[in-house]
Amino acid sequence: GESVGLHLPTLSVQEGDNSIINCAYSNSASDYFIWYKQESGKGPQFIIDIRSNMDKRQGQRVTVLLNKTVKHLSLQIAATQPGDSAVYFCAELGGSARQLTFGSGTQLTVLP
Amino acid sequence: NAGVMQNPRHLVRRRGQEARLRCSPMKGHSHVYWYRQLPEEGLKFMVYLQKENIIDESGMPKERFSAEFPKEGPSILRIQQVVRGDSAAYFCASSPPGGETQYFGPGTRLLVL
């Protein structure tokens, strides 16, 4: 079936370095993508979104890149901080469906 | 503006009991979604509701699970005769009319003994 998956389950980076979290999706009908951050014991927190008619979108310290040719999504976090440590999920929304399809998540750990 | 609210935050039930999980959407949001998250996994869609209507319940187990979003009051996810496999975190999200972005609540962590 259609699914969204992540390349790496864990990622460790030094504080101050940039982080890149990747995500592959398989539903070519998906036209809206969201990155969520989930800290331990909390609900997913919206970070940034992008529509399929765009290939890049920037927020505060975060950038999302979308490559529709290879169905790949990435989240870049600049100058990673300890507070960025969390699990990051990509999610997709496609067609007439309103349900989000989530990937399995990447655990980001920021090292001092 | 308060975010999505869920209660209780933690719920312990014995096998065979009923669990009721409540969700109040963000102000102005009329669409509610329920998701379930097992440990170390992503969220899985269960049901999508608007006021007094179930729009999509394709992710709901056919038995023991039900959801409602009445005209007044919170949305309720009800699990009857709980089993240990129902232990999970249940998250509610809401979105405004015509909006796609879903905003999540803090979740209810259900533990079935």
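The model shown is predicted, which means the values in this text are computed figures rather than measured ones.

Counting secondary structure elements, chain A contains zero helices and 11 strands. Put simply, chain A runs from its N terminus to its C terminus through helices and strands in the order β-β-β-β-β-β-β-β-β-β-β. The C-alpha radius of gyration of chain A comes to 13 Å, within 12% of the 13 Å expected for a compact globule of 112 residues. Within the span of chain A, comprising 112 residues, buried residues form 43% of the whole. Intrachain contacts of chain A at a sequence separation of at least 6 include 53% that bridge at least 24 residues. A total of about 5400 Å² of accessible surface is found on chain A, and carbon and sulfur atoms cover 47% of it.

The omega angle of the peptide bond from Asn 7 of chain B to Pro 8 of chain B is -5°, so this bond is cis rather than trans. One can find Pro 8 of chain B in the loop between β1 (5–7) and β2 (10–13). Unlike most non-glycine residues, Lys 71 of chain A shows phi in positive territory, near 55°. Among the structural elements, Lys 71 of chain A can be located in the loop between β7 (62–67) and β8 (72–77).

Take the side chain of Lys 37 of chain A next. Residues and elements named next belong to chain A. Turning to its location among the elements, Lys 37 is positioned in strand β4 (residues 30–38). Despite its burial, Lys 37 pairs with no opposite charge, the nearest such side chain being Asp 84 at 4.4 Å. Within polar-contact distance, the side chain of Lys 37 engages the backbone oxygen of Gly 83 at 2.7 Å. Once you skip the residues sitting within four places of it in the chain, Lys 37 turns out to touch Gly 43, Pro 44, Gln 45, Ile 47, Gly 83, Asp 84, Ala 86, Val 87 and Tyr 88.

A few words on the interface of chain A and chain B. With 19 residues of chain A at the interface, the matching set in chain B holds 23 residues. Counting each side, the surface lost to burial between chain A and chain B is near 1600 Å², with a carbon and sulfur contribution of 50%. When residues of chain A are sorted by the area they lose upon contact with chain B, Arg 98, Gln 99 and Phe 102 of chain A head the list and together hold 37% of the total. Between the two partners, chain A and chain B, sit one salt bridge. At the boundary of chain A with chain B, the tally comes to 13 residue pairs in polar contact (both at pLDDT 80 or more). Among the secondary structure elements, those contributing two or more residues to the side of chain A that touches chain B are β4, β5 (45–51) and β9 (86–94) of chain A. No other element matches the four residues that β4 of chain A contributes to the side of chain A that touches chain B. Its residues placed into classes, the side of chain A that touches chain B shows nine nonpolar, six polar and four charged.

Thresholds, definitions, all that
- Counting restarts for each chain: residues are numbered from 1 in the order of the written sequence.
- Chain letters start at A and ligand numbers start at 1, both assigned in the order the entries are written.
- Totals for whole chains, interfaces and linings use all residues, but because this is a predicted model, local features are given only for residues with pLDDT of at least 70 and pairs of side-chain atoms are given and counted only at 80 or more.
- The side-chain values count all of the structure's non-hydrogen atoms but skip hydrogen atoms and water molecules.
- The numbering of helices and of strands both runs from the N terminus, where a helix is a DSSP run of H or I of at least 4 residues and a strand a run of E of at least 2.
- What the globule rule says is 2.2 Å times the number of residues to the power 0.38, and the radius of gyration is computed from C-alpha atoms.
- Relative accessible area decides the class of each residue, using a 1.4 Å probe on protein chains only: under 20% of the type maximum gives buried, over 50% gives exposed, and in between gives partly exposed.
- Note on contacts: a residue pair qualifies if any of its non-hydrogen atoms lie within 4.5 Å across the two residues.
- Using the Shrake-Rupley algorithm and a 1.4 Å probe, accessible areas are obtained, with residue cover drawn only from the displayed protein chains.
- Here the positive residues are Lys and Arg and the negative ones are Asp and Glu; neither His nor the chain ends is included.
- We count a salt bridge whenever a side-chain nitrogen from Lys or Arg sits within 4 Å of a carboxyl oxygen from Asp or Glu.
- Polar contact is the term for a pair of N or O atoms within 3.5 Å; when the atoms are in protein, one must be able to donate a hydrogen and the other to accept it, and sequence-neighboring residues count only if both atoms are side-chain atoms.
- Throughout, the accessible surface (probe 1.4 Å) given up by two parts as they are put together, summed over both, is called the buried area.
- Classification used: nonpolar for Ala, Val, Leu, Ile, Met, Phe, Trp, Tyr, Cys and Pro, charged for Asp, Glu, Lys and Arg, polar for all others including Gly.

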